[in-house]
Amino acid sequence: ADAKPFAGRHLLVTSGPTHEPIDPVRYLANRSSGKQGHAIAAAAARAGARVTLVSGPVILPDPPGVTVVRVETARAMLAAVEAALPADVAVFAAAVADWRPAAETDEKIKKGTEGPPPLRLVENPDILATVAQRREGRPPLVVGFAAETASVLDHARAKIARKGCDLIVANDVSAAGGVMGGDRNTVHLIGRDGSVETWPTLDKDEVARRLVARLADLAGTPPE
Ligand code: C5P
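Residues numbered from 1 in each chain as written. Predicted model: local features only at pLDDT ≥ 70, side-chain atom pairs only at ≥ 80, totals over all residues. Heavy atoms only, no water.

- Looking at an unreviewed UniProt entry, the chain carries the name Coenzyme A biosynthesis bifunctional protein CoaBC, with the source organism given as Methylobacterium oryzihabitans.

## A word on the site of the ligand
Then step 1. Around the ligand, a shell composed of Phe92, Ala94, Val96, Asp98, Pro125, Asp126, Ile127, Leu128, Gly144, Phe145, Lys159 and Lys163 is seen.
Then step 2. Pro125 has a polar backbone atom sitting 2.8 Å from a nitrogen atom of the ligand.
Then step 3. A distance of 2.4 Å separates an oxygen atom of the ligand from a polar atom in the side chain of Lys159.
Then step 4. Considered class by class, the residues forming the shell around the ligand number seven nonpolar, one polar and four charged. (Near = heavy atom within 4 Å. Polar contact = N/O pair within 3.5 Å; in protein donor to acceptor, adjacent residues only side chain to side chain. Nonpolar A, V, L, I, M, F, W, Y, C, P; charged D, E, K, R; others polar.)

## Details of the nonpolar core
Then step 1. Among the nonpolar cores identified, the biggest contains 33 residues, and Phe6, Val51 and Leu215 are the most heavily contacted of them.
Then step 2. Put simply, the parts of the chain that give this core at least two residues each are strand 1 (10-15), helix 1 (35-46), strand 4 (50-55), strand 6 (89-92), strand 9 (141-148), strand 10 (167-172), strand 12 (187-191) and helix 5 (204-219).
Then step 3. Among residues more than four places away in sequence, those in contact with Val51 are Leu11, Val13, Ala41, Ala44, Ala45, Val66 and Thr67.
Then step 4. Val54, Ala84, Ala170 and Ile190 belong to the second-largest nonpolar core, a separate cluster that totals 26 residues. (Core = buried A, V, L, I, M, F, W, Y, C linked by side-chain atoms within 4.5 Å. Buried < 20%, exposed > 50% of the residue type's maximum accessible area, 1.4 Å probe, protein only. Helix = DSSP H or I, 4+ residues; strand = E, 2+ residues; numbered from the N terminus. Contact = heavy atoms within 4.5 Å.)

## A few points about the side chain of Thr18
Then step 1. Mapped onto the fold, Thr18 is located in the loop between strand 1 and strand 2 (20-23).
Then step 2. A residue is classified by how much of its surface remains accessible, and Thr18, at 0% relative accessible area, is buried.
Then step 3. A distance of 2.8 Å separates a polar atom in the side chain of Thr18 from a polar atom in the side chain of Glu20.
Then step 4. A polar contact is formed between the side chain of Thr18 and the backbone nitrogen of Ala97, at a distance of 3.0 Å.
Then step 5. Setting aside its immediate chain neighbours within four residues, Thr18 contacts Leu28, Ala29, Asn30, Pro57, Glu72, Thr73, Ala74, Met77, Ala95, Val96 and Ala97.

## Focus: the sheet that holds strand 10
Then step 1. The sheet built from eight strands is open, its strands ordered 5-4-1-6-9-10-12-13 with mixed pairing. A single partner strand is all that each edge strand has here, and the edge strands are strand 5 (67-70) and strand 13 (196-198). On average, each strand axis in the sheet is inclined to that of its neighbour by 15°, with strand direction left out of account.
Then step 2. Bridge analysis of strand 6 against strand 9 gives four bridges, and the strand direction is parallel. Within strand 9, the position partnered with Val91 by the bridge is Val143.
Then step 3. On the sheet, helix 2 (residues 74-84) packs against strand 1, strand 4, strand 5 and strand 6 and is oriented at approximately 175° with respect to strand 1.
Then step 4. Relative to the sheet, helix 4 (residues 152-163) contacts strand 9, strand 10, strand 12 and strand 13, its axis offset from that of strand 10 by approximately 155°. (Pairing = 2+ DSSP bridges. Axes fitted to C-alpha atoms, helices over the stretch in contact; angles between N-to-C directions.)

## Digging into the UniProt feature "binding site: CTP" (unreviewed entry) in the chain
Then step 1. UniProt marks Asp98, Lys108, Pro125, Asp126, Ile127, Leu128, Phe145, Lys159 and Lys163 with the feature "binding site: CTP" (unreviewed entry), using the numbering shown here. On the basis of their most widely separated C-alpha atoms, the annotated residues across 66 residues do not gather in one place, lying as much as 37.6 Å apart.
Then step 2. By the element assignment, Lys108 lies in the loop between strand 7 (99-101) and strand 8 (121-123).
Then step 3. Those residues in contact with Lys108 that lie beyond four places of it in its chain are Asp23, Pro24, Val25 and Arg26.
Then step 4. Mapped onto the secondary structure, Pro125 falls in the loop between strand 8 and helix 3 (127-132).
Then step 5. Discounting chain neighbours no more than four positions away, the residues touching Pro125 are Arg75, Leu78 and Arg100. (UniProt positions renumbered as here; feature names shortened; annotations may be inferred.)

Spelled out as structure tokens, the structure:
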């Protein structure tokens with residue numbers, strides 16, 4: 001029989017990009033496919049966890065045995081995450097848009113004679129930091145991702161402190177690596193103490209399987 005190291009646990013995973021509306025037909029987005037986050041949710045379900053997957057717009061099928069909550073914007077993702085708590089482990093794999101247009105218009109913006117309209121941006125809530133820094137109801141194990149194109153490890157070390165999470169999974173998303181949208185990933189696990197563990201380049205499914213096994217170890221045995 002399969003080992004079910006996560007039986008009796010609730011895992012919360014975010015995945016995919018967010019879409020930030022400019023007007024009813026246009027939005028800001030990014031190249032995240034959701035493959036890594038969805039693979040983590042699927043692996044956690046196979047490991048016996050109850051899994052809530054809060055996903056931005058993706059073209060992937062829902063992973064079997066997982067409760068999927070679909071959202072579009074960063075603000076909706078934060079609300080869905082907070083509604084899904086409490087969780088024993090939270091993994092923030094979504095590529096949340098850092099900014100959104102300051103004003104969403106109800107009408108499509110028309111091409112006019114004044115030239116292109118200004119696009120003013122405001123900051124989105126940081127979902128990972130919000131959850132990791134909760135005074136009450138913080139999941140005992142909070143995992144962030146760091147998608148970087150340069151100085152991957154330095155940025156990840158700074159991020160773990162700034163966000164207040166327990167573990168960062170850092171990956172290099174430079175265009176040359178083909179990670180965004182691709183099927184394989186090269187990740188580094190960075191701990192709060194600054195420790196770094198580099199994994200070989202693996203299928204995203206295998207990264208998910210190994211990560212879930214590690215998280216089950218770190219989470220320990222569930223209380224009776
Ligand atoms: O700061 P940066 O975007 O590089 O941080 C990446 C990590 O933070 C990822 O785990 C991502 O899911 C999370 N994040 C978030 N909400 C944001 C921005 C990032 O949860 N608004």
